[in-house]
Amino acid sequence: MPNMSRPRPICARSAALPLLLVWQLAWQAPVRAEDCPRAGTLGTSRVLSVDAEHFPRVGLKSFPQTLPLRDHEVVLTFDDGPWPPTTPKVLKALAQECVRATFFLIGKPASEHPDLVRRIAAEGHTVGHHTWLHRSLKQIPPGETTEEIDHGISAVEMALHGQATTTPSTPFFRFPGSPQQELKLLIKRLTVARKGIILLHDPKAHTAAMLPAFLRWLRENDYHIVHLVPTADPVSADGH
Ligand SMILES: [Zn+2]
């Protein structure tokens, strides 16, 4: 339900604060994911349900490369988190624009910051898997690749649902070792391609810092955000 003008509560103590600070607190009140959709934001234009059977968790493709995206449609994905200094900034920028994304989480930091993993899911984003330690699967002994993948899945599942299972609750998996893209390059490529899966890294301070500007650019250039969910995910069933 649109909610454009809900008054932000300011605690009683803040009355004693200098006027300017009170004004700043009120002006910068956090925008929450549950306040979406909201007028004037980029928003999430549609949910794309991806059938896990066509995209097994460990396949030749690290992620569906040929999603049925229309002109000016993009999917936002974030790799290598969660990372406490930067992931909350990324979540804030996404909430600010009412945008939903997919986070490919590394097992070890997920196990160390389960609250952040649960927050990502609670704010409506899709969680995918990105191995345990982010070792290149091409460079480690074949006998260790299964462990690297399964341990990663298990750690993220434990953080999300309190269960150390190697059966992922979401089937999205991405191989580690993907290239970093700078904002300028990103915009340049997007201007040519006009649609696609955007790969970003939430642990990068630079990414967290540029994200609000990038989302604004998408909004001003009439791009639409598509949110990926697994077919069986209850999120897709209730229309969100
Ligand atoms: Zn990665």
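What you see is a predicted model, and the numbers here were worked out from it, not measured in a lab. (Residues numbered from 1 in each chain as written. Predicted model: local features only at pLDDT ≥ 70, side-chain atom pairs only at ≥ 80, totals over all residues.)

## Quick word on the environment of Phe173
Item 1. Position of Phe173 relative to the elements: it lies in the loop between helix H5 (142-161) and helix H6 (183-193).
Item 2. Given 22 C-beta atoms within 10 Å, Phe173 falls into the buried group.
Item 3. For the pair Phe173 and Val127, spaced 46 residues apart in the sequence, the C-alpha separation amounts to 9.2 Å. (Helix = DSSP H or I, 4+ residues; strand = E, 2+ residues; numbered from the N terminus. Buried ≥ 20, exposed ≤ 12 C-beta atoms within 10 Å, placed from the backbone.)

## So, the environment of Thr145
Item 1. Tracing the backbone through its elements, the reader meets Thr145 in helix H5.
Item 2. Taking the C-beta count within 10 Å as the criterion, Thr145 has 17 such neighbours and is therefore assigned partly exposed.
Item 3. Taking the C-alpha atoms as reference points, Thr145 and Arg135, 10 residues apart in sequence, are found 9.0 Å from one another.
Item 4. If sequence neighbours within four positions are ignored, Thr145 has contacts with Leu137 and Ile140. (Contact = placed C-beta atoms within 7 Å.)

## Let's talk about the confidence of the model for the chain
Item 1. Scored by pLDDT, the chain has a mean of 81; 76% of the residues are at 70 or more.
Item 2. Across the chain, the secondary-structure element scoring lowest on mean pLDDT is helix H8 (residues 234-237), at 43, and the one scoring highest is helix H3 (residues 107-112), at 98.
Item 3. A low-confidence stretch, residues 1-27 stays under pLDDT 50, and its non-local contacts, those more than four residues away or across chains, total 16 contacts.
Item 4. For residues 233-240, every residue scores under 50 in pLDDT, and the model assigns this stretch 9 contacts once sequence neighbours within four places are set aside. (pLDDT = per-residue confidence, 0-100.)

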